[in-house]
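Report on the structure
Each chain, letter by letter, is given below.
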Amino acid sequence: MKKPKYIEKLYALIFLCLGCSFLIIGLLCFVGVVTPDVHSKVQDPIVMGTVFSLLGVTFGGIQAVLNRIASAKEKLEKQLLASGTPINGTVEKVYLQKYTNYGKKSPYRICYTYTEQDKIYHHKSFLLWEKPDFDEGDFIMVYANDSGKSTIQL
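Within every chain, residues take consecutive numbers counted from 1 along the sequence as written. This being a predicted model, a pLDDT of at least 70 is required before a residue's local features are given, and a value of 80 or more before pairs of side-chain atoms are given or counted; all residues contribute to the totals for chains, interfaces and linings. Each side-chain value is worked out from all heavy atoms of the structure, with water and hydrogens disregarded.

**Brief notes about the side chain of Ser-53**
To qualify as a helix, a DSSP run of H or I must reach at least 4 residues; to qualify as a strand, a run of E must reach at least 2; elements of each kind are numbered from the N terminus. Counting through the fold element by element, Ser-53 comes out in helix H2 (residues 45-83). Contact definition: two residues touch when any of their heavy atoms are within 4.5 Å. In this structure Ser-53 touches Phe-22, Leu-23, Gly-26, Leu-27 and Phe-30, once residues within four positions along its chain are discounted.

Encoded structure:
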(Lines give C-alpha, C1' and ligand atoms only; values in the text may rest on other atoms or scores of the structure.)
Protein backbone atom coordinates (compact mmCIF):
# COMPACT_ATOMS: atom_id res chain seq x y z
CA MET A 1 0.00 0.00 0.00
CA LYS A 2 1.17 3.51 -0.85
CA LYS A 3 2.41 5.57 2.08
CA PRO A 4 0.12 8.51 2.88
CA LYS A 5 1.28 11.95 1.87
CA TYR A 6 -1.00 13.78 4.28
CA ILE A 7 -1.73 13.13 7.95
CA GLU A 8 -5.46 13.16 7.16
CA LYS A 9 -4.99 10.09 4.97
CA LEU A 10 -3.32 8.30 7.86
CA TYR A 11 -6.14 9.25 10.22
CA ALA A 12 -8.69 8.16 7.60
CA LEU A 13 -7.09 4.71 7.50
CA ILE A 14 -7.29 4.48 11.29
CA PHE A 15 -10.96 5.49 11.32
CA LEU A 16 -11.72 3.05 8.51
CA CYS A 17 -10.28 0.19 10.57
CA LEU A 18 -12.18 1.33 13.68
CA GLY A 19 -15.42 1.70 11.75
CA CYS A 20 -15.16 -1.75 10.18
CA SER A 21 -14.33 -3.32 13.55
CA PHE A 22 -17.31 -1.72 15.29
CA LEU A 23 -19.63 -2.70 12.44
CA ILE A 24 -18.47 -6.31 12.63
CA ILE A 25 -18.94 -6.38 16.41
CA GLY A 26 -22.40 -4.84 15.94
CA LEU A 27 -23.34 -7.53 13.43
CA LEU A 28 -22.04 -10.22 15.78
CA CYS A 29 -24.29 -8.76 18.50
CA PHE A 30 -27.32 -8.95 16.19
CA VAL A 31 -26.52 -12.58 15.33
CA GLY A 32 -26.06 -13.47 19.00
CA VAL A 33 -22.38 -14.37 18.95
CA VAL A 34 -21.46 -11.42 21.19
CA THR A 35 -23.75 -11.09 24.18
CA PRO A 36 -23.84 -8.65 27.09
CA ASP A 37 -22.13 -9.56 30.35
CA VAL A 38 -24.32 -10.15 33.41
CA HIS A 39 -22.83 -7.04 35.02
CA SER A 40 -23.48 -4.85 31.97
CA LYS A 41 -26.03 -2.05 32.17
CA VAL A 42 -27.20 -3.00 28.68
CA GLN A 43 -28.72 -6.49 28.72
CA ASP A 44 -30.31 -6.53 25.27
CA PRO A 45 -27.98 -7.74 22.46
CA ILE A 46 -30.03 -5.77 19.91
CA VAL A 47 -29.40 -2.50 21.75
CA MET A 48 -25.73 -3.38 22.10
CA GLY A 49 -25.54 -4.22 18.38
CA THR A 50 -27.25 -0.95 17.51
CA VAL A 51 -24.78 1.06 19.58
CA PHE A 52 -21.76 -0.71 18.08
CA SER A 53 -23.17 -0.35 14.56
CA LEU A 54 -23.87 3.36 15.06
CA LEU A 55 -20.31 3.87 16.29
CA GLY A 56 -19.05 2.02 13.22
CA VAL A 57 -21.11 4.22 10.90
CA THR A 58 -19.92 7.34 12.75
CA PHE A 59 -16.28 6.31 12.37
CA GLY A 60 -16.96 5.60 8.69
CA GLY A 61 -18.37 9.10 8.29
CA ILE A 62 -15.32 10.63 9.96
CA GLN A 63 -13.14 8.59 7.61
CA ALA A 64 -15.03 9.96 4.60
CA VAL A 65 -14.59 13.55 5.81
CA LEU A 66 -10.85 13.01 6.36
CA ASN A 67 -10.50 11.53 2.87
CA ARG A 68 -12.25 14.59 1.43
CA ILE A 69 -9.87 16.91 3.29
CA ALA A 70 -6.87 14.95 1.99
CA SER A 71 -8.27 15.05 -1.56
CA ALA A 72 -8.74 18.81 -1.31
CA LYS A 73 -5.13 19.17 -0.13
CA GLU A 74 -3.95 17.02 -3.05
CA LYS A 75 -5.93 19.11 -5.50
CA LEU A 76 -4.58 22.35 -4.01
CA GLU A 77 -1.03 21.01 -4.21
CA LYS A 78 -1.42 20.14 -7.91
CA GLN A 79 -2.93 23.55 -8.55
CA LEU A 80 -0.09 25.31 -6.72
CA LEU A 81 2.56 23.35 -8.62
CA ALA A 82 0.86 24.13 -11.93
CA SER A 83 -0.02 27.79 -11.47
CA GLY A 84 1.50 28.96 -8.19
CA THR A 85 4.11 31.67 -8.01
CA PRO A 86 7.60 30.18 -7.57
CA ILE A 87 9.33 31.88 -4.64
CA ASN A 88 12.67 31.21 -2.99
CA GLY A 89 12.06 30.00 0.55
CA THR A 90 14.32 29.05 3.41
CA VAL A 91 14.35 25.77 5.32
CA GLU A 92 13.83 26.45 9.02
CA LYS A 93 14.26 22.84 10.11
CA VAL A 94 13.91 19.24 9.02
CA TYR A 95 12.59 16.90 11.66
CA LEU A 96 11.45 13.35 12.14
CA GLN A 97 7.82 13.17 13.25
CA LYS A 98 8.56 10.25 15.55
CA TYR A 99 5.10 9.84 17.11
CA THR A 100 3.51 9.28 13.72
CA ASN A 101 4.15 5.77 12.42
CA TYR A 102 3.15 3.84 9.34
CA GLY A 103 4.54 0.34 9.02
CA LYS A 104 7.20 0.93 11.69
CA LYS A 105 8.46 3.99 9.83
CA SER A 106 8.08 7.65 10.80
CA PRO A 107 7.86 10.51 8.30
CA TYR A 108 10.01 13.61 8.02
CA ARG A 109 8.68 17.14 7.64
CA ILE A 110 10.31 20.31 6.41
CA CYS A 111 9.44 23.59 8.10
CA TYR A 112 10.03 26.42 5.67
CA THR A 113 9.47 30.13 5.47
CA TYR A 114 9.05 32.53 2.59
CA THR A 115 8.22 36.18 2.11
CA GLU A 116 5.60 37.47 -0.29
CA GLN A 117 4.39 41.06 -0.52
CA ASP A 118 6.28 42.01 2.68
CA LYS A 119 4.54 39.28 4.66
CA ILE A 120 6.43 36.34 6.15
CA TYR A 121 4.80 32.90 5.94
CA HIS A 122 5.79 29.81 7.93
CA HIS A 123 4.57 26.42 6.67
CA LYS A 124 5.26 22.68 6.96
CA SER A 125 5.65 20.23 4.14
CA PHE A 126 3.57 17.15 3.57
CA LEU A 127 4.77 13.82 5.01
CA LEU A 128 8.14 12.76 3.57
CA TRP A 129 8.95 9.08 3.99
CA GLU A 130 12.62 9.40 3.03
CA LYS A 131 15.03 11.78 4.75
CA PRO A 132 15.18 14.93 2.64
CA ASP A 133 18.55 16.31 1.62
CA PHE A 134 18.02 19.73 3.19
CA ASP A 135 19.59 21.42 6.17
CA GLU A 136 18.57 24.46 8.19
CA GLY A 137 19.14 27.63 6.18
CA ASP A 138 19.06 25.95 2.73
CA PHE A 139 17.05 27.53 -0.03
CA ILE A 140 13.97 25.68 -1.25
CA MET A 141 11.57 26.41 -4.11
CA VAL A 142 8.12 27.27 -2.77
CA TYR A 143 5.01 27.51 -4.92
CA ALA A 144 2.47 29.90 -3.40
CA ASN A 145 -0.81 31.58 -4.26
CA ASP A 146 -2.23 34.94 -3.22
CA SER A 147 -4.13 33.53 -0.23
CA GLY A 148 -1.00 32.35 1.58
CA LYS A 149 -1.27 28.65 0.66
CA SER A 150 1.96 27.03 -0.44
CA THR A 151 3.72 23.78 -1.21
CA ILE A 152 7.21 22.63 -2.06
CA GLN A 153 8.47 20.34 -4.77
CA LEU A 154 11.34 18.02 -4.01
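**A closer look at the packing of helix H1 (residues 7-31) against H2**
Two packed helices can be described by the angle between their axes and the distance between those axes. Axes here refer to lines fitted to C-alpha atoms; in helices the fit is confined to the stretch in contact. Angles between the N-to-C directions go from 0 to 180 degrees. Viewed as axis vectors pointing N to C, H1 and H2 meet at an angle of 160 degrees, and their least axial separation amounts to 7 Å. The orientation of H1 with respect to H2, classified from their angle, is roughly antiparallel. The two elements H1 and H2 meet at a crossing, and its hand is left-handed. In terms of residue class, the contact of H1 with H2 is made up of 22 nonpolar, eight polar and four charged. In what follows, roughly perpendicular refers to angles from 65 to 115 degrees, roughly parallel to angles under 35, roughly antiparallel to angles over 145, and oblique to any angle outside these ranges. Crossings are sorted by hand: turned counterclockwise from the far helix by less than a right angle, the near helix makes the crossing left-handed, and turned clockwise it makes it right-handed. Polarity classes work like this: nonpolar for Ala, Val, Leu, Ile, Met, Phe, Trp, Tyr, Cys and Pro, charged for Asp, Glu, Lys and Arg, and polar for all others, with Gly in that last group.

**A look at the environment of Gly-49**
Along the chain, Gly-49 turns up in helix H2. Apart from residues no more than four positions distant in its own chain, Gly-49 is found in contact with Gly-26, Cys-29 and Phe-30.

**Notes on the state of the cysteines**
To count as a disulfide, a pair of cysteine sulfur atoms needs to be within 2.5 Å. Taken as a whole and judged by the stated rule, the model has zero disulfides. Counting only cysteine sulfurs, Cys-20 is the nearest neighbor of Cys-17, a cysteine outside any disulfide, at a range of 6.9 Å. This cysteine, Cys-29, is not joined by any disulfide, and Cys-20 carries the nearest cysteine sulfur, 16 Å off.

**Details of the side chain of Gln-63**
Mapped onto the secondary structure, Gln-63 falls in helix H2. Setting aside anything within four residues of it in sequence, one finds Gln-63 in contact with Ala-12, Phe-15 and Leu-16.

**Re the nonpolar core**
Here, nonpolar core refers to any group of buried Ala, Val, Leu, Ile, Met, Phe, Trp, Tyr and Cys residues whose side-chain atoms link them within 4.5 Å. Relative accessible area decides the class of each residue, using a 1.4 Å probe on protein chains only: under 20% of the type maximum gives buried, over 50% gives exposed, and in between gives partly exposed. Judged by nonpolar contacts, the single largest core of 15 residues is most densely connected at Ile-110, Tyr-112, Tyr-114, Ile-140, Val-142 and Ile-152. Elements with a contribution of two residues or more to this core: strand E1 (85-96), strand E2 (108-116) and strand E4 (139-144). For this core, the element with the most residues is E2, which contributes four residues. When sequence neighbours within four positions are dropped, the list of residues in contact with Ile-110 reads Val-91, Lys-93, Val-94, His-123, Lys-124, Ser-125, Leu-128, Pro-132, Phe-134, Ile-140, Ile-152 and Leu-154. If you look at the next biggest cluster of nonpolar residues, it comprises five residues, including Ile-7, Leu-10, Tyr-102 and Leu-127.

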